[in-house]
Amino acid sequence: MIAAKSQVALGRRAPVRGQSVIAAASARPTWLPGLNAPAHLKGALAGDNGFDPLGLGQDEGRLKWYAEAEKTNGRWAMVAVTGILGQELLGVSPAWWEAGAKEYDIPAQALTPIEFIVMGFLEIKRYQGFKQTGTSGFINSFPFDPAGMNSPSMATKEVKNGRLAMVAFIGFSVQALATRTQPIEGLTAHLGDPFGKNITYYLTHLPETLGSA
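The structure presented is a predicted model; accordingly, all values stated were derived computationally and were not measured. (Residues numbered from 1 in each chain as written. Predicted model: local features only at pLDDT ≥ 70, side-chain atom pairs only at ≥ 80, totals over all residues. Heavy atoms only, no water.)

*Asks:* Sorry if this is basic, but what is going on with unusual backbone geometry here?
*Replies:* In most cases, non-glycine residues show a negative phi, while peptide bonds are predominantly trans. With an omega of 0°, the peptide bond running from Ser-93 to Pro-94 counts as cis. One can find Pro-94 in the loop between α3 (60-89) and α4 (108-133). Between Phe-142 and the following residue, Pro-143, the backbone shows a cis peptide bond with an omega angle of -5°. Positionally, Pro-143 belongs in the loop between α4 and α5 (152-179). In this structure, Ile-139 takes a positive phi of about 55° despite not being glycine. Note that Ile-139 resides in the loop between α4 and α5. In this model, Arg-180 sits at a positive phi of 55°, which is unusual for a non-glycine residue. Note that Arg-180 resides in the loop between α5 and α6 (183-192). (Helix = DSSP H or I, 4+ residues; strand = E, 2+ residues; numbered from the N terminus.)

If you want it as structure tokens, here you go:
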């Protein structure tokens, strides 16, 4: 009361509670500075920066599933990017995009059904656990956190690294298609000849690159 009277005496209007809440919501970080987040993205999810241009998350139930799907794809992307870079650094052949054509100890005809059975079982258990608990897990452990690192800050870091890995994998794929080089190989070539080995060179020589493959 005293504070309100003092503001009135000074010619200022006391802030309305709803206005302060709206101001706090609009002040949270968004994917584009100065852009207001959609009403259905309240910042409660890990890595929520207000990005939903298609409005796919307006259904609250679907929004949780989309967040889970993004997290899962991000984890696969992090594993893939680590494997691609590790394979190149260790000098393992063939190149990562040719690994599917390599002959392994187990024939593809036998390996494929094994993968379907194992991955199908794991995915069914993951889906059932998510429906029951709303969290990620492994088989019957939800959440799956053997290292004891489950926290809001770590969840945000995981989502951010997953998004970065997904973008990196797209870059690796485009690079492999357009240049037929691996990530570190292409970076080294560009650093050694930045004006000769760049996007302009590869775009103008794309027919040759694809033809040689």
